[in-house]
Amino acid sequence: MTARKIVVALGGNAILANDASAAAQQRALRETAKYLVKFIQQGDSLIISHGNGPQVGNILLQQAAGSTPDNPEMPLDTAVAMTQGSIGYWLQNAMAAELAALGLEMDVATVVTQVVVDEHDPAFDTPTKPIGPFYSREAVSVLKSANPGFHFVEDAGRGYRRVVASPRPVDVVEAGAVNQLAKAGVIPIAAGGGGIPVVRQGNQLIGREAVIDKDFASEKLAERVGADQLIILTAVDHVYVNFNQPQQRQLTTVSVNELRQHIADGQFAAGSMLPKVEAAIEFVTHRPEGQAVITSLSNLGQFIESGSGTVVSMVSADANV
Ligand SMILES: Nc1ncnc2c1ncn2[C@@H]1O[C@H](COP(=O)(O)OP(=O)(O)O)[C@@H](O)[C@H]1O
Ligand SMILES: NC(=O)OP(=O)(O)O
């Protein structure tokens, strides 16, 4: 069997669940690595991307708490680059340890990845991307009076979060380099945190303050490297219709058209499940022979063994949709 090329996108909330310390996030990524090496064991070529919503929001909070004129706050594009460095470090370290434990000799390398966005993307005027910790309604009114320019939204029933601009990715600048690494047998970690948002101005790439959705950026990366599968890992084993309601029903195999109908019916929360579903549709539309999968890290073993999870393809044989 020829090796499949798989882009796996890890949710930022899976890396930082309750404890924001470096040690806890490293522990979470060591657990993550145990699952991800299963793809290597079955001979696949793996490219890993990850979110950074909780982490980049925390960097902004740390900066705001401690900046001085001599030690100023860094702009958001630079804060995204910081999260690519820190999470990339933890993840390549964790992957290397897990590969070594299995006697597998493979290199893992993080690629600082810039993602081109459209300067005129209307998303710059309407913040939608949740970052940082969850707040109560009371905490939000205190924060808003101290920071009138901040915007907050309720995030999928889990509390309120600050939101920032989140333009759509247009291109992944380092996609060629990532592909070369994968072809050479290296496991690249790329497009972390959705990539560093940049706009093209002549020969230059200029950073823009935003956080790109990592599901859309991972989709663009998967398209550009010609991946066979895009796997989006989050906290739920499946995508559901009537989520959190008595008639909740899991989607197993589902076609692009069926998913579009569920979107039209308002089944997926904006800022959480909706971008994943949209990214899955976009990938399969661009690579009709490919598959997009949405599932949880803890279900990855079952997905590899039996295909359990929400599998999106151009046409589906799902009996329960
Ligand atoms: N229809 C749905 N089916 C499954 N999960 C949903 C649905 N709508 C909203 N969600 C929520 O979306 C979450 C995934 O989004 P999020 O936590 O933002 O992703 P990430 O793992 O990338 O950080 C799920 O854990 C779940 O709580
Ligand atoms: N950048 C991004 O989409 O991060 P999360 O997956 O953590 O939301």
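Residues numbered from 1 in each chain as written. Chains lettered and ligands numbered in written order. Predicted model: local features only at pLDDT ≥ 70, side-chain atom pairs only at ≥ 80, totals over all residues. Heavy atoms only, no water.

Per an unreviewed UniProt entry, the protein is named Carbamate kinase, and its organism is Secundilactobacillus angelensis. What UniProt states about the protein under its Pathway (unreviewed entry) heading is, verbatim, "Metabolic intermediate metabolism; carbamoyl phosphate degradation; CO(2) and NH(3) from carbamoyl phosphate: step 1/1." Turning to the protein, the UniProt annotation filed under Sequence similarities (unreviewed entry) states: "Belongs to the carbamate kinase family." (UniProt positions renumbered as here; feature names shortened; annotations may be inferred.)

Enquirer: Looking at this model, I keep getting lost on the site of ligand 1. Mind explaining?
Expert: Taken together, the neighbourhood of ligand 1 is formed by 19 residues, with Arg158, Lys214, Thr234, Tyr240 and Lys276 sitting nearest. Between an oxygen atom of ligand 1 and a side-chain N or O atom of Thr234, the distance comes to 2.7 Å. With respect to ligand 1, the backbone of Tyr240 contributes an N or O atom lying 2.8 Å from a nitrogen atom. With the chains in place, 92% of the 570 Å² that ligand 1 exposes on its own is no longer accessible. Among the secondary structure elements, those contributing two or more residues to the shell around ligand 1 are α1 (12–15), β13 (239–241) and α9 (273–286). In terms of residue class, the shell around ligand 1 is made up of eight nonpolar, eight polar and three charged. (Near = heavy atom within 4 Å. Polar contact = N/O pair within 3.5 Å; in protein donor to acceptor, adjacent residues only side chain to side chain. Areas by Shrake-Rupley, 256 points an atom, 1.4 Å probe, with all protein chains shown as cover. Helix = DSSP H or I, 4+ residues; strand = E, 2+ residues; numbered from the N terminus. Nonpolar A, V, L, I, M, F, W, Y, C, P; charged D, E, K, R; others polar.)

Enquirer: Looking at this structure, I do not really get the sheet that holds strand β5 (residues 129–135). What am I missing?
Expert: Backbone-to-backbone hydrogen bonds join strands into a sheet, with any given pair of strands oriented parallel or antiparallel. Sheet architecture is open: three strands sit in the order β5-β7-β6, paired in antiparallel fashion. Strands with a single pairing partner mark the edges of an open sheet, and in this sheet they are β5 and β6 (151–154). Taking the axes of each pair of neighbouring strands and ignoring which way they run, one obtains an average angle of 40° across the sheet. Of the strand pairs in this sheet, β5 and strand β7 (residues 160–164) are connected by four bridges, and their pairing is antiparallel. When the bridges of β7 are listed, Tyr135 appears paired with Tyr160. The strands touched by helix α3 (residues 53–66) are β5 and β7; relative to β5, the strand with the most contacts, the crossing angle is about 70°. (Pairing = 2+ DSSP bridges. Axes fitted to C-alpha atoms, helices over the stretch in contact; angles between N-to-C directions. Contact = heavy atoms within 4.5 Å.)

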